[in-house]
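A closer look at the structure
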Amino acid sequence: MNETYTIAVDFDGTIVEDAFPDIGKPQLFAFDTLKALQEKGHRLILWTYRYGKQLDAAVAFCEEHGIEFYAVNKSFPEETFDPKYSRKINADYFIDDRNIGGLVGWGEIYQHFLGEAGVPSAKKKKKNWFGL
(Lines give C-alpha, C1' and ligand atoms only; values in the text may rest on other atoms or scores of the structure.)
Protein backbone atom coordinates (compact mmCIF):
# COMPACT_ATOMS: atom_id res chain seq x y z
CA MET A 1 0.00 0.00 0.00
CA ASN A 2 1.49 3.33 -1.02
CA GLU A 3 -1.41 5.45 0.19
CA THR A 4 -1.50 7.01 3.62
CA TYR A 5 -4.55 6.79 5.84
CA THR A 6 -6.08 8.27 8.93
CA ILE A 7 -6.44 5.41 11.39
CA ALA A 8 -8.48 5.65 14.60
CA VAL A 9 -7.15 3.32 17.30
CA ASP A 10 -8.86 2.33 20.55
CA PHE A 11 -6.78 2.08 23.73
CA ASP A 12 -8.18 -0.40 26.29
CA GLY A 13 -8.24 -3.94 24.93
CA THR A 14 -6.58 -2.80 21.70
CA ILE A 15 -3.25 -1.05 22.33
CA VAL A 16 -3.09 -2.43 25.88
CA GLU A 17 -4.81 -5.30 27.64
CA ASP A 18 -8.14 -4.20 29.10
CA ALA A 19 -7.63 -3.22 32.74
CA PHE A 20 -9.82 -0.09 32.75
CA PRO A 21 -9.64 2.22 34.67
CA ASP A 22 -6.00 1.16 35.11
CA ILE A 23 -3.64 0.75 32.17
CA GLY A 24 -3.01 -2.83 31.12
CA LYS A 25 0.13 -4.35 29.64
CA PRO A 26 0.90 -3.42 26.01
CA GLN A 27 -0.53 -5.83 23.45
CA LEU A 28 2.11 -7.83 21.59
CA PHE A 29 3.44 -5.81 18.57
CA ALA A 30 1.00 -2.92 19.20
CA PHE A 31 3.57 -0.16 19.69
CA ASP A 32 5.93 -1.57 17.05
CA THR A 33 3.09 -1.54 14.54
CA LEU A 34 1.89 1.95 15.50
CA LYS A 35 5.44 3.32 15.17
CA ALA A 36 5.86 1.70 11.74
CA LEU A 37 2.52 3.13 10.61
CA GLN A 38 3.60 6.61 11.65
CA GLU A 39 6.96 6.21 9.93
CA LYS A 40 5.08 5.44 6.68
CA GLY A 41 3.06 8.66 7.04
CA HIS A 42 -0.23 7.30 8.37
CA ARG A 43 -2.06 9.63 10.78
CA LEU A 44 -3.09 7.96 14.03
CA ILE A 45 -6.01 9.14 16.14
CA LEU A 46 -6.43 7.84 19.66
CA TRP A 47 -10.14 7.03 19.83
CA THR A 48 -11.13 5.96 23.32
CA TYR A 49 -13.88 6.08 25.93
CA ARG A 50 -11.37 7.57 28.37
CA TYR A 51 -11.54 11.22 29.36
CA GLY A 52 -10.00 13.52 31.96
CA LYS A 53 -7.17 12.11 34.07
CA GLN A 54 -7.65 8.59 32.66
CA LEU A 55 -7.29 9.92 29.11
CA ASP A 56 -4.22 11.96 30.09
CA ALA A 57 -2.67 8.79 31.59
CA ALA A 58 -3.33 6.83 28.37
CA VAL A 59 -1.82 9.56 26.19
CA ALA A 60 1.23 9.79 28.48
CA PHE A 61 1.62 5.98 28.42
CA CYS A 62 1.62 6.01 24.61
CA GLU A 63 4.12 8.88 24.52
CA GLU A 64 6.40 6.91 26.88
CA HIS A 65 6.25 4.10 24.32
CA GLY A 66 7.10 6.40 21.40
CA ILE A 67 3.65 7.25 20.01
CA GLU A 68 2.30 10.79 19.66
CA PHE A 69 -1.13 10.89 18.10
CA TYR A 70 -2.26 13.21 15.32
CA ALA A 71 -5.41 13.83 17.37
CA VAL A 72 -7.06 12.47 20.51
CA ASN A 73 -10.81 11.79 20.52
CA LYS A 74 -11.30 14.18 17.60
CA SER A 75 -10.93 14.07 13.85
CA PHE A 76 -8.16 16.66 13.66
CA PRO A 77 -6.08 18.54 16.27
CA GLU A 78 -7.87 21.89 15.94
CA GLU A 79 -11.38 20.44 16.21
CA THR A 80 -13.46 21.75 19.08
CA PHE A 81 -16.45 19.92 20.48
CA ASP A 82 -19.80 21.23 19.25
CA PRO A 83 -22.88 19.33 20.47
CA LYS A 84 -24.69 20.19 17.19
CA TYR A 85 -22.45 17.75 15.30
CA SER A 86 -21.81 14.03 15.53
CA ARG A 87 -18.92 12.85 17.69
CA LYS A 88 -18.06 10.17 15.17
CA ILE A 89 -14.37 10.29 14.27
CA ASN A 90 -13.58 10.83 10.59
CA ALA A 91 -11.05 8.10 9.78
CA ASP A 92 -10.31 5.71 6.94
CA TYR A 93 -9.87 2.73 9.29
CA PHE A 94 -10.79 1.86 12.86
CA ILE A 95 -8.75 -0.57 14.96
CA ASP A 96 -10.77 -1.72 17.96
CA ASP A 97 -11.12 -4.89 20.03
CA ARG A 98 -14.90 -4.53 19.78
CA ASN A 99 -15.01 -5.12 16.03
CA ILE A 100 -17.19 -7.98 14.93
CA GLY A 101 -14.85 -10.92 15.32
CA GLY A 102 -12.61 -8.99 17.75
CA LEU A 103 -9.13 -7.63 17.24
CA VAL A 104 -7.32 -9.51 14.46
CA GLY A 105 -3.92 -9.11 16.09
CA TRP A 106 -1.18 -6.54 15.61
CA GLY A 107 0.93 -8.80 13.37
CA GLU A 108 -1.94 -9.03 10.90
CA ILE A 109 -2.64 -5.29 11.15
CA TYR A 110 1.04 -4.65 10.36
CA GLN A 111 0.85 -6.97 7.34
CA HIS A 112 -2.34 -5.31 6.08
CA PHE A 113 -0.94 -1.79 6.06
CA LEU A 114 2.78 -2.34 5.60
CA GLY A 115 3.06 -5.80 4.03
CA GLU A 116 6.70 -6.19 4.96
CA ALA A 117 8.35 -9.53 5.61
CA GLY A 118 9.74 -10.44 8.98
CA VAL A 119 6.74 -9.51 11.10
CA PRO A 120 4.59 -12.29 12.57
CA SER A 121 1.17 -12.79 11.05
CA ALA A 122 -1.81 -14.72 12.34
CA LYS A 123 -2.22 -16.33 8.93
CA LYS A 124 -0.58 -19.68 8.26
CA LYS A 125 1.15 -20.31 4.97
CA LYS A 126 -0.88 -22.60 2.74
CA LYS A 127 0.87 -25.63 1.33
CA ASN A 128 0.67 -26.35 -2.36
CA TRP A 129 -0.43 -29.76 -3.64
CA PHE A 130 3.20 -30.98 -3.39
CA GLY A 131 3.06 -30.33 0.38
CA LEU A 132 5.57 -27.45 0.10
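For the structure given in this document, a descriptive report is provided here. Nothing here was measured: the structure is a model prediction, and the numbers come from that model.

**Quick notes on unusual backbone geometry**
Going from Phe 20 to Pro 21, the amide bond is cis rather than trans, its omega being 10 degrees. In this structure, Pro 21 sits in the loop between strand S1 (6-9) and helix H1 (30-39). We note that Phe 29 has phi near 70 degrees; this positive angle belongs to a residue other than glycine. You can see Phe 29 is positioned in the loop between S1 and H1. Although it is not a glycine, Asn 73 sits at a positive phi angle of roughly 55 degrees.

**Points about the nonpolar core**
Of all hydrophobic cores here, the largest spans 26 residues; its most connected members are Ile 7, Phe 11, Ile 15, Leu 34, Trp 106 and Phe 113. The residues contacting Ile 7, other than those within four sequence positions of it, are Leu 37, His 42, Arg 43, Leu 44, Ile 45, Tyr 93, Ile 95 and Phe 113. Counting residues in hydrophobic clusters, the runner-up holds 5 residues, among them Ala 8, Ile 45, Ala 71 and Ile 89.

Cut-offs applied
Residues numbered from 1 in each chain as written. Predicted model: local features only at pLDDT ≥ 70, side-chain atom pairs only at ≥ 80, totals over all residues. Heavy atoms only, no water. Helix = DSSP H or I, 4+ residues; strand = E, 2+ residues; numbered from the N terminus. Core = buried A, V, L, I, M, F, W, Y, C linked by side-chain atoms within 4.5 Å. Buried < 20%, exposed > 50% of the residue type's maximum accessible area, 1.4 Å probe, protein only. Contact = heavy atoms within 4.5 Å.

Structural measurements only, silent on function.
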